[in-house]
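Residues per chain, in single letters:
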Amino acid sequence: MNFLEERILKDGVIKEGNVLKVDSFLNHQMDVALLEEIGKEFHRRFANLKITKVLTIEASGIAIAYAVARCFGVPMLFAKKAKSINLDGDMYTAEVESFTHRNKNQIIVSKKFLSSDDRILIVDDFLANGCALQGLISITEAAGAEVAGIGIAIEKGFQYGGRSIRNLGYRVESLAIVDSMDAATKTIVFRSQAE
């Protein structure tokens, strides 16, 4: 069992509807020491890929992506979910559906921050149905950049997102893959992974 799986068992809360709350340490209140460990682990797994940027989606992915980008010594870029007055110029856009919020968002990345020279590591906190990842992949490829890899903190292995993204040929590394969880018994089963 790795450090993230241990923390999920200790502080994660399983709710009805296949919801895993990790807001006490990962995506509302954040344990910065844990984030540093996550950054180091993704750096270890993807170190040989010559990453030029780390890309995520606001808001929950930002802290994780920051920790990863810091370890790589590269910029971190996040897709915004709303256009604001300080966004100008040409944009890459994609529509994504949120499993958590049960809504659709148009995500936006300024064209000036992505180029065909970039080798992108996409990072996010959760992978359920894969819609956010598909949007980030679409934006990366529209820029002519390469998706070098995808790093996920927690994957819901019982949902189709991880399988569908891997079937498209992308390398997806998840630190914790939940194969099943039960709100009534408060149990969670992680997929065994090679270290």
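In case you missed it, the structure is sitting above this.
Residues numbered from 1 in each chain as written. Predicted model: local features only at pLDDT ≥ 70, side-chain atom pairs only at ≥ 80, totals over all residues. Heavy atoms only, no water.

Draft legend 1. Spatial organisation of the pattern of salt bridges. The final tally for this structure, using the stated rule, is 13 salt bridges. Here aspartate 31 ties to arginine 7 by a salt bridge, and the two come within 2.6 Å at their closest N and O atoms. Of this pair, aspartate 31 sits in the loop between strand E2 (19–21) and helix H2 (32–46) while arginine 7 sits in helix H1 (residues 3–11), and the two are 24 residues apart along the sequence. By relative accessible area, aspartate 31 is classed as partly exposed at 22%. (Salt bridge = Lys/Arg side-chain N within 4 Å of Asp/Glu carboxyl O. Helix = DSSP H or I, 4+ residues; strand = E, 2+ residues; numbered from the N terminus. Buried < 20%, exposed > 50% of the residue type's maximum accessible area, 1.4 Å probe, protein only.)

Draft legend 2. The arrangement of the environment of glycine 130 in detail. Of note, glycine 130 is situated in the loop between strand E7 (119–127) and helix H4 (131–142). In this structure, the C-alpha to C-alpha distance between glycine 130 and alanine 94, residues 36 residues apart in sequence, is 13 Å. Residues contacting glycine 130, with those up to four places away along its chain left out, are Gly161 and Ile165. (Contact = heavy atoms within 4.5 Å.)

Draft legend 3. Up close: the packing of aromatic side chains. Summed over all chains, the structure comprises 1 aromatic pair. Arranged with centres 6.3 Å apart and planes meeting at 35 degrees, the rings of phenylalanine 42 and phenylalanine 46 form a pair that is tilted. Placement of both phenylalanine 42 and phenylalanine 46 in helix H2 is noted, with a separation of 4 residues, approximately one turn of the helix. Both residues of the pair, phenylalanine 42 and phenylalanine 46, count as buried. (Phe/Tyr/Trp six-rings, centres within 6.5 Å; stacked < 30°, edge-to-face > 60°.)

Draft legend 4. Focus on the sheet that holds E7. Overall, mixed pairing links the 6 strands, which are arranged E4-E3-E7-E8-E9-E10 in an open sheet. The outermost strands of the open sheet, each flanked by one partner alone, are strand E4 (76–79) and strand E10 (187–190). The average angle at which neighbouring strand axes cross in this sheet is 25 degrees, direction not considered. Bridge count for strand E3 (residues 53–57) against E7 is 3 bridges, and the pairing is parallel. Each bridged residue has a counterpart across the sheet, and for valine 54 the counterpart in E7 is leucine 121. Contacting E7, strand E8 (146–156) and strand E9 (172–182), H2 runs over the sheet at an angle of about 120 degrees to E9. In this fold H4 packs onto E3, E4, E7 and E8, with an angle of close to 165 degrees to the strand it touches most, E7. (Pairing = 2+ DSSP bridges. Axes fitted to C-alpha atoms, helices over the stretch in contact; angles between N-to-C directions.)

Draft legend 5. Structural view of H2. With 15 residues, H2 should reach 21 Å at 1.5 Å per residue; the first-to-last C-alpha distance of 21 Å fits that figure. Listing the buried residues of H2 in full gives Leu34, Leu35, Ile38, Gly39, Glu41, Phe42, Arg45 and Phe46. End-on view of H2: buried residues confined to an arc of 165 degrees, all on one side of the axis. Each element contacted by the buried residues of H2 is listed here: H1, helix H3 (61–72), E7, E8 and E9. Residue aspartate 31 occupies the N-cap position of H2, its side-chain oxygen lying 3.0 Å from the main-chain nitrogen of alanine 33. (Expected span 1.5 Å × (residues − 1). Arc of directions from axis to C-beta. Polar contact = N/O pair within 3.5 Å; in protein donor to acceptor, adjacent residues only side chain to side chain.)

Draft legend 6. Fine view of the pairing of E9. Here 6 bridges tie E8 to E9, and the two strands are oriented parallel to one another. Bridge pairing in E9 places glutamate 155 opposite isoleucine 177. Relative to E10, E9 is paired through 4 bridges, and the arrangement is antiparallel. Bridge pairing links aspartate 182 to threonine 187 in E10. Connecting the antiparallel pair E9 and E10 is a turn made up of 4 residues, with lysine 186 showing a positive phi of about 60 degrees.

Draft legend 7. Inspection of H3 at higher detail. With 12 residues, H3 should reach 16 Å at 1.5 Å per residue; the first-to-last C-alpha distance of 16 Å fits that figure. Against H2, E3, E4, E7 and E8 lie the buried residues of H3. Looking one or two places after H3, you find glycine 73, whose phi comes out positive at around 70 degrees.

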